[in-house]
Amino acid sequence: MMFSDAFMAIADPNRRHLLEELRRGPKTVTELAAGLPVSRPAVSQHLKVLLDAGLVHAKPEGTRRVYTVSGTGFLKLNIWLDQFWEA
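Reading guide: rules and limits
Residues numbered from 1 in each chain as written. Predicted model: local features only at pLDDT ≥ 70, side-chain atom pairs only at ≥ 80, totals over all residues. Heavy atoms only, no water. Buried < 20%, exposed > 50% of the residue type's maximum accessible area, 1.4 Å probe, protein only. Helix = DSSP H or I, 4+ residues; strand = E, 2+ residues; numbered from the N terminus. Arc of directions from axis to C-beta. Polar contact = N/O pair within 3.5 Å; in protein donor to acceptor, adjacent residues only side chain to side chain. Expected span 1.5 Å × (residues − 1). Pairing = 2+ DSSP bridges. Axes fitted to C-alpha atoms, helices over the stretch in contact; angles between N-to-C directions. Parallel < 35°, antiparallel > 145°, perpendicular 65-115°, else oblique. Contact = heavy atoms within 4.5 Å. Nonpolar A, V, L, I, M, F, W, Y, C, P; charged D, E, K, R; others polar.

- An unreviewed UniProt entry lists the protein under the name Metalloregulator ArsR/SmtB family transcription factor, with Mesorhizobium ciceri as the source organism.

Shown next, in the form of C-alpha coordinates:
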(Lines give C-alpha, C1' and ligand atoms only; values in the text may rest on other atoms or scores of the structure.)
Protein backbone atom coordinates (compact mmCIF):
# COMPACT_ATOMS: atom_id res chain seq x y z
CA MET A 1 0.00 0.00 0.00
CA MET A 2 1.37 3.41 -0.99
CA PHE A 3 0.36 5.08 2.30
CA SER A 4 2.24 2.64 4.51
CA ASP A 5 5.32 3.06 2.31
CA ALA A 6 5.03 6.84 2.48
CA PHE A 7 4.53 6.82 6.25
CA MET A 8 7.50 4.47 6.67
CA ALA A 9 9.54 6.75 4.40
CA ILE A 10 8.83 9.86 6.46
CA ALA A 11 9.37 8.04 9.76
CA ASP A 12 13.15 8.44 9.40
CA PRO A 13 14.49 11.83 10.61
CA ASN A 14 17.15 11.96 7.86
CA ARG A 15 14.47 11.53 5.19
CA ARG A 16 12.31 14.21 6.82
CA HIS A 17 15.33 16.51 6.71
CA LEU A 18 15.80 15.75 3.00
CA LEU A 19 12.14 16.55 2.33
CA GLU A 20 12.43 19.83 4.23
CA GLU A 21 15.48 20.76 2.15
CA LEU A 22 13.74 19.82 -1.10
CA ARG A 23 10.70 21.86 -0.11
CA ARG A 24 12.96 24.91 -0.42
CA GLY A 25 13.87 23.97 -4.00
CA PRO A 26 15.44 21.33 -6.26
CA LYS A 27 18.76 19.91 -5.13
CA THR A 28 21.36 17.30 -6.08
CA VAL A 29 22.59 14.49 -3.83
CA THR A 30 25.79 16.45 -3.17
CA GLU A 31 23.84 19.53 -2.09
CA LEU A 32 21.58 17.43 0.14
CA ALA A 33 24.48 15.50 1.69
CA ALA A 34 26.12 18.78 2.77
CA GLY A 35 23.37 19.25 5.37
CA LEU A 36 23.50 15.78 6.89
CA PRO A 37 26.04 13.86 8.99
CA VAL A 38 25.78 10.87 6.61
CA SER A 39 27.62 9.93 3.42
CA ARG A 40 26.46 10.70 -0.10
CA PRO A 41 25.71 6.99 -0.72
CA ALA A 42 23.52 7.00 2.40
CA VAL A 43 21.70 10.10 1.14
CA SER A 44 21.17 8.31 -2.19
CA GLN A 45 19.65 5.34 -0.36
CA HIS A 46 17.32 7.65 1.59
CA LEU A 47 16.30 9.34 -1.67
CA LYS A 48 15.54 5.94 -3.23
CA VAL A 49 13.11 5.21 -0.38
CA LEU A 50 11.44 8.58 -0.93
CA LEU A 51 11.30 7.95 -4.68
CA ASP A 52 9.76 4.50 -4.20
CA ALA A 53 7.16 6.03 -1.85
CA GLY A 54 6.26 8.61 -4.50
CA LEU A 55 7.29 11.57 -2.34
CA VAL A 56 10.09 12.92 -4.58
CA HIS A 57 10.92 13.07 -8.28
CA ALA A 58 14.38 12.78 -9.85
CA LYS A 59 15.27 14.49 -13.12
CA PRO A 60 18.53 13.71 -14.93
CA GLU A 61 20.64 16.76 -15.77
CA GLY A 62 23.83 15.67 -17.46
CA THR A 63 25.62 13.33 -15.07
CA ARG A 64 23.59 14.49 -12.06
CA ARG A 65 20.08 13.85 -10.84
CA VAL A 66 18.12 16.77 -9.46
CA TYR A 67 15.50 15.91 -6.84
CA THR A 68 12.23 17.73 -6.15
CA VAL A 69 9.25 17.12 -3.87
CA SER A 70 6.32 15.32 -5.52
CA GLY A 71 3.15 17.30 -4.90
CA THR A 72 1.07 14.32 -6.05
CA GLY A 73 2.61 12.01 -3.45
CA PHE A 74 1.89 14.47 -0.67
CA LEU A 75 -1.61 15.18 -1.97
CA LYS A 76 -2.45 11.49 -1.56
CA LEU A 77 -1.15 11.58 2.02
CA ASN A 78 -3.13 14.75 2.75
CA ILE A 79 -6.34 13.25 1.37
CA TRP A 80 -5.86 10.16 3.52
CA LEU A 81 -5.12 12.22 6.65
CA ASP A 82 -7.96 14.68 6.04
CA GLN A 83 -10.56 11.96 6.49
CA PHE A 84 -9.81 11.99 10.22
CA TRP A 85 -10.76 15.67 10.53
CA GLU A 86 -13.86 15.54 8.33
CA ALA A 87 -15.79 13.14 10.58
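Having seen it, we continue.
Description of helix α2 (residues 13-23)
Next, step 1: Along α2, the residues classified as buried are Arg-15, Leu-18, Leu-19 and Leu-22. Each buried residue of α2 sits inside an arc of 100° when the element is viewed along its axis, so together they form one side. Opposite the packed face of α2, turned more than 90 degrees from it, sit the exposed residues Pro-13 and Arg-23.
Next, step 2: The backbone nitrogen of Asn-14 has a side-chain oxygen 2.7 Å away, supplied by the residue at the start of α2, namely Asp-12.
Next, step 3: Gly-25 sits one or two residues past α2 and shows a positive phi near 150°.

What about helix α4 (residues 40-52)?
Residues spaced three or four apart along an α-helix point in a common direction, a consequence of the helix completing one turn every 3.6 residues.
Next, step 1: For α4, built from 13 residues, the straight-helix expectation of 18 Å at 1.5 Å per residue is met to within 8% by its first-to-last C-alpha distance of 18 Å.
Next, step 2: Within α4, the full set of buried residues consists of Ala-42, Val-43, His-46, Leu-47 and Leu-50. Angularly, the buried residues of α4 cover 140° about the axis, an arc narrow enough to put them on a single face. Facing away from the buried side of α4 by more than 90 degrees, the exposed set consists of Pro-41, Gln-45 and Asp-52.
Next, step 3: Of the residues trailing α4, Gly-54 is marked for its positive phi of about 80°.

Description of the pairing of strand β2 (residues 56-61)
Next, step 1: Taken together, the six bridges between β2 and strand β3 (residues 64-69) define a ladder with antiparallel strand orientation. Along β3, the bridge assignment pairs Val-56 with Val-69.

Concerning the packing of α2 against α4
Next, step 1: It is the contact of α2 with α4, at a shortest axis distance of 10 Å, that shows an interaxial angle of 80°. The angle between the axes of α2 and α4 places the two elements in the roughly perpendicular class. Residues Asn-14, Arg-15, Leu-18, Leu-19 and Leu-22 of α2 form the contact with α4, whose participating residues are Val-43, His-46, Leu-47, Val-49 and Leu-50.
Next, step 2: Tallied by class, the residues present in the contact of α2 with α4 amount to seven nonpolar, two polar and one charged.

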